[in-house]
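Observations on chain architecture
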Amino acid sequence: MPVGFRWVRGHVRAERALVERFAAVPVAIVSDNMERMFAGGADLRPMHAQDGKGGGLAGTALTVLTRPGDNLLIHKAIDVAEPGDVIVVDAGGDTTSAVVGELIARHAQVRGVAGFVINGAIRDLDAFRTGSFPIFATGVTHRGPYKDGPGEIGVPVSIGGMVIHAGDIVIGDADGVLAVPRAEAKAILDLAEAQQAKEAETLRQIEAGAWDRRWVDEMLKARGFTEE
């Protein structure tokens, strides 16, 4: 296969039932259970309307590596995507030309794509702000894309130092985006769901004025804290 114009096929998608469980857990809690080591970067923000429920994006990564400002391979990825895929695009972080706009996003939505994660810019922001179709990007500009390549589909990409492989689970909410390696997803999810239940109990204790705060002074004492 020639480097620069290729589609690497055959990746294994995560189980749909697993993806649906991830959708119910806030990204921050999943991140905690990946040792707070992985993130797509603070610049990767939701551009769509938020419903306040968290977990707005959940799906299986279909990765695209494209030259900055070009969306030819993004178009191809949408045409070959399966329902529930998240189109994850590394466009080099360039924000001088948008690689996704209202028309291409609507085509993706009609085909059952679960959303976009774009290391690059979008345009037609008003159209996204009034809808709930998940789209995360690092910038906005009115300038449109080129459509002549090069680009690759199904190859590993890196966004903000977070490596994403085709088939990984991708989740996103108002806090940002996280990719969960498919092979470790079940173990991470079990831990995250347990933490979610624990935090629900902590919230109940806070509301009741019964949150045990002894750990604060214990930690300070262990660190040599003094009062003067």
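Residues numbered from 1 in each chain as written. Predicted model: local features only at pLDDT ≥ 70, side-chain atom pairs only at ≥ 80, totals over all residues. Heavy atoms only, no water.

1. Focus: the overall build of the protein
When helices and strands are counted, the protein shows 7 helices and 12 strands. With the principal axes as the frame, the protein shows a C-alpha extent of 65 × 35 × 35 Å. The 228 residues of the protein split such that 43% are buried. For the protein, long-range pairs separated by at least 24 residues make up 78% of all intrachain contacts whose partners lie at least 6 apart in sequence. Within the structure as shown, the protein displays about 12200 Å² of accessible surface, and the carbon and sulfur contribution to it stands at 54%. Charged side chains of the protein number 24 positive and 31 negative; the gap between the two group centres comes to 4 Å. (Helix = DSSP H or I, 4+ residues; strand = E, 2+ residues; numbered from the N terminus. Buried < 20%, exposed > 50% of the residue type's maximum accessible area, 1.4 Å probe, protein only. Contact = heavy atoms within 4.5 Å. Areas by Shrake-Rupley, 256 points an atom, 1.4 Å probe, with all protein chains shown as cover. Lys, Arg positive; Asp, Glu negative; His and termini not counted. Charge placed at Lys NZ, Arg CZ, Asp CG, Glu CD.)

2. Examining helix 4 (residues 102-110)
For an α-helix the count is 3.6 residues per turn, leaving residues at separations of three or four pointing the same way. Taken together, the buried positions of helix 4 are occupied by Ile104, Ala105 and Ala108. Projected down its long axis, helix 4 shows its buried positions confined to an angular sector of 100°, all on one face. Relative to its buried face, helix 4 has exposed residues pointing more than 90 degrees away, namely Leu103 and Val110. Elements in contact with the buried residues of helix 4: helix 3 (72-80), strand 5 (98-100), strand 6 (115-122) and helix 5 (125-129). Once helix 4 finishes, glycine 112 follows within two positions and takes phi at roughly 95°, a positive value. (Arc of directions from axis to C-beta.)

3. A closer look at the pattern of salt bridges
Scanning the entire structure with this criterion turns up 12 salt bridges. Across the pair glutamate 152 and arginine 6 runs a salt bridge whose closest N-O atoms are separated by 2.9 Å. Placement of glutamate 152 in strand 8 (residues 151-153) and of arginine 6 in strand 1 (residues 5-7) is noted, with a sequence separation of 146 residues between them. When its relative accessible area of 6% is taken as the criterion, glutamate 152 is described as buried. (Salt bridge = Lys/Arg side-chain N within 4 Å of Asp/Glu carboxyl O.)

4. Some details on the packing of aromatic side chains
A complete count under the given rule lists 1 aromatic pair for this structure. Summarising the aromatic geometry, the rings of phenylalanine 116 and phenylalanine 133 are spaced 6.1 Å apart at their centres and angled 85° between planes, so their arrangement reads as edge-to-face. Of the two residues, phenylalanine 116 sits in strand 6 while phenylalanine 133 sits in the loop between helix 5 and strand 7 (135-140), which places them 17 residues apart along the sequence. Residue classification places phenylalanine 116 among the buried residues on the basis of a relative accessible area of 0%. Its end group placed over the ring of tryptophan 7, arginine 9 keeps NZ or CZ at 4.2 Å from the ring centre. The cationic tip of arginine 213 hangs over the ring face of tryptophan 211; the distance from NZ or CZ to the ring centre is 4.1 Å. (Phe/Tyr/Trp six-rings, centres within 6.5 Å; stacked < 30°, edge-to-face > 60°. Lys NZ or Arg CZ within 6 Å of the ring centre and 35° of its normal.)

5. Let's talk about the environment of methionine 47
Positionally, methionine 47 belongs in the loop between strand 2 (45-46) and strand 3 (57-66). Residue classification places methionine 47 among the buried residues on the basis of a relative accessible area of 13%. Considering only alpha carbons, one finds methionine 47 and lysine 147, 100 residues apart in sequence, at a separation of 23 Å. Setting aside chain neighbours within four positions, we find methionine 47 in contact with Ile122, Leu125, Phe128, Arg129, Ile135, Ala137, Gly139 and Val140.

6. Focus on helix 6 (residues 185-207)
With 23 residues, helix 6 should cover 33 Å at 1.5 Å per step; its first-to-last C-alpha distance of 33 Å lies within 8% of that length. Listing the buried residues of helix 6 in full gives Ala185, Ile188, Leu189, Ala192 and Gln195. Those residues of helix 6 hidden inside the fold are in contact with helix 1 (16-22), helix 2 (27-32), strand 11 (169-173) and strand 12 (176-180). A positive backbone phi angle near 70° is found at glycine 209, which sits one or two residues after helix 6. (Expected span 1.5 Å × (residues − 1).)

7. Details of the pairing of strand 11
Burial runs high along strand 11: 5 of the 5 residues are buried. Residues Ile169, Ile171 and Asp173 point to one face of strand 11 and Val170 and Gly172 to the other, with burial holding for every one of them. In terms of strand pairing, strand 3 meets strand 11 through 4 bridges, oriented antiparallel. Bridge pairing in strand 11 links leucine 57 to glycine 172. As paired strands, strand 11 and strand 12 are joined by 5 bridges and run antiparallel to one another. Across the sheet, residue glycine 172 finds its bridge partner in strand 12, namely valine 177. Counting the residues in the hairpin turn of strand 11 and strand 12 gives 2 residues. (Pairing = 2+ DSSP bridges.)

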